[in-house]
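Chain and residue survey
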Amino acid sequence: MTSIIVVFPKPEDAKNIRNLLVRHGFEVAAVCTAGSQAIQYAEALNDGIVICGYRAADMMYTDLHDFLPPHFEMLLVASQHLWSECVNNDIVCVAMPVKVHDLISTVEMMVNTIARRRRKFRQKPKERTESEKEMIRQAKALLMERNNMTEEEAHRYLQKCSMDSGTNLVETAGMVMSIY
């Protein structure tokens with residue numbers, strides 16, 4: 001679930017936004033009056049959304065946006081005449097006075113975007129370290145030398161053994177090295 005941090009200078013405004021989000025099924029991780037508090041919470045979380053007003057108790061929304069970790073999105077709740085600064089800097093805006101439907105649909109859109117980014121990141125294949133690559137190279141060289149295989153045949157053999165045993169290629173290469 002995406003973490004949401006609500007930052008408004010007036011505690012009652014922040015609590016009202018939090019209650020609205022909770023009623024619509026969102027999980028609010030923190031409610032803050034200062035930008036520095038929000039930054040501390042954001043650094044402890046993996047990713048999420050910061051919903052804030054134009055000004056927090058200790059900083060403007062632009063400063064807060066600059067200090068947020070890169071995996072956090074910002075939703076600015078402010079008057080439309082203040083939106084000109086938001087163009088081309090990845091800040092999503094909702095007009096004041098807040099319409100419940102606009103706020104909820106915007107937050108849903110942002111949550112879906114973050115979930116899509118997470119899925120894309122998880123699907124990306126993990127890079128092997130140099131030591132893992134070297135272990136695979138050594139196992140292939142051993143198979144090529146002992147069994148008179150080409151490099152392609154040795155690689156396919158390692159892949160097949162890996163799939164048959166349900167282990168990854170590096171573990172299989174380590175097993176081949178320990179056997180020989």
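Fair warning: this is a prediction, and the values are worked out from it, not measured in the lab. (Residues numbered from 1 in each chain as written. Predicted model: local features only at pLDDT ≥ 70, side-chain atom pairs only at ≥ 80, totals over all residues. Heavy atoms only, no water.)

Glancing now at the overall build of the protein chain. The secondary structure content of the protein chain amounts to seven helices and five strands. Ordered by position in the sequence, the α and β elements of the protein chain form the string β-α-β-α-β-α-β-β-α-α-α-α. For the protein chain, the C-alpha atoms occupy an extent of roughly 75 × 30 × 25 Å along the three principal directions. The burial tally for the protein chain puts 37% of its 180 residues in the buried class. Accessible surface for the protein chain amounts to roughly 11200 Å². Of this, 51% is attributable to carbon and sulfur atoms. Separation of charge centres in the protein chain, based on 21 positive and 23 negative side chains, amounts to 5 Å. (Helix = DSSP H or I, 4+ residues; strand = E, 2+ residues; numbered from the N terminus. Buried < 20%, exposed > 50% of the residue type's maximum accessible area, 1.4 Å probe, protein only. Areas by Shrake-Rupley, 256 points an atom, 1.4 Å probe, with all protein chains shown as cover. Lys, Arg positive; Asp, Glu negative; His and termini not counted. Charge placed at Lys NZ, Arg CZ, Asp CG, Glu CD.)

Before going further, it helps to examine the packing of aromatic side chains. Throughout the structure, instances matching the rule amount to one aromatic pair. On the basis of an interplanar angle of 45° and a centroid distance of 5.4 Å, the ring pair of Tyr 54 and Tyr 61 is categorised as tilted. With relative accessibility at 25%, the residue Tyr 54 sits in the partly exposed group. Classification of Tyr 61 as buried rests on a relative accessible area of 1%. (Phe/Tyr/Trp six-rings, centres within 6.5 Å; stacked < 30°, edge-to-face > 60°.)

The UniProt entry lists residues 116–177 under the feature "domain: ANTAR" (unreviewed entry), expressed in the numbering used here. When the span residues 116–177 is considered, its composition is 81% helix and 0% strand, and the gap between its end C-alpha atoms is 40 Å. (UniProt positions renumbered as here; feature names shortened; annotations may be inferred.)

Mapped onto the fold, Lys 140 is located in helix α5 (residues 130–147). Setting aside residues no more than four positions away along its own chain, Lys 140 makes contact with Glu 151, Ala 154, His 155 and Leu 158. (Contact = heavy atoms within 4.5 Å.)

As a further point, take the layout of surface pockets. Empty space among the atoms becomes apparent when a probe as large as a water molecule is rolled across them. Of the volumes computed, that of the largest pocket is approximately 260 Å³. Listing elements by their share of the lining of the largest pocket, those giving two or more residues are α1 (11–23) and β4 (72–78). Among the elements that line the lining of the largest pocket, the one with the most residues is α1, at three residues. Class assignment for the residues of the lining of the largest pocket results in nine nonpolar, three polar and two charged. (1 Å grid on protein atoms, 1.4 Å probe; cavity = no way out; pocket = protein on both sides within 12 Å on 5 of 7 lines; lining within 4 Å. Points joined across faces, edges and corners; volume = space filled by probe spheres on them. Nonpolar A, V, L, I, M, F, W, Y, C, P; charged D, E, K, R; others polar.)

Take α5 next. When the terminal C-alpha atoms of α5 are compared, their 25 Å separation across 18 residues agrees well with the 26 Å that a helix rising 1.5 Å per residue should span. Listed in full, the buried residues belonging to α5 are Ile 136, Ala 139, Lys 140, Leu 142 and Leu 143. One side of α5 carries all its buried residues, which in axial view fall inside an arc of 155°. Exposed positions of α5 whose direction lies more than 90 degrees from the buried face are Glu 130, Ser 131 and Glu 145. Along its buried surface, α5 packs onto α6 (151–165) and α7 (169–179). Asn 148 lies just past α5 and shows a positive phi near 55°. (Expected span 1.5 Å × (residues − 1). Arc of directions from axis to C-beta.)

With that settled, the discussion passes to α7. Note on helix geometry: an α-helix contains 3.6 residues per turn, so any two residues three or four positions apart are oriented the same way. When we look at burial in α7, the residues that qualify are Leu 169, Val 170, Thr 172, Ala 173 and Val 176. Down the axis, α7 shows its buried residues gathered within 160° of arc, on one side only. In this structure, α7 carries Ser 178 and Ile 179 as exposed residues pointing more than 90 degrees from its buried face. At its buried positions, α7 is contacted by α5 and α6.

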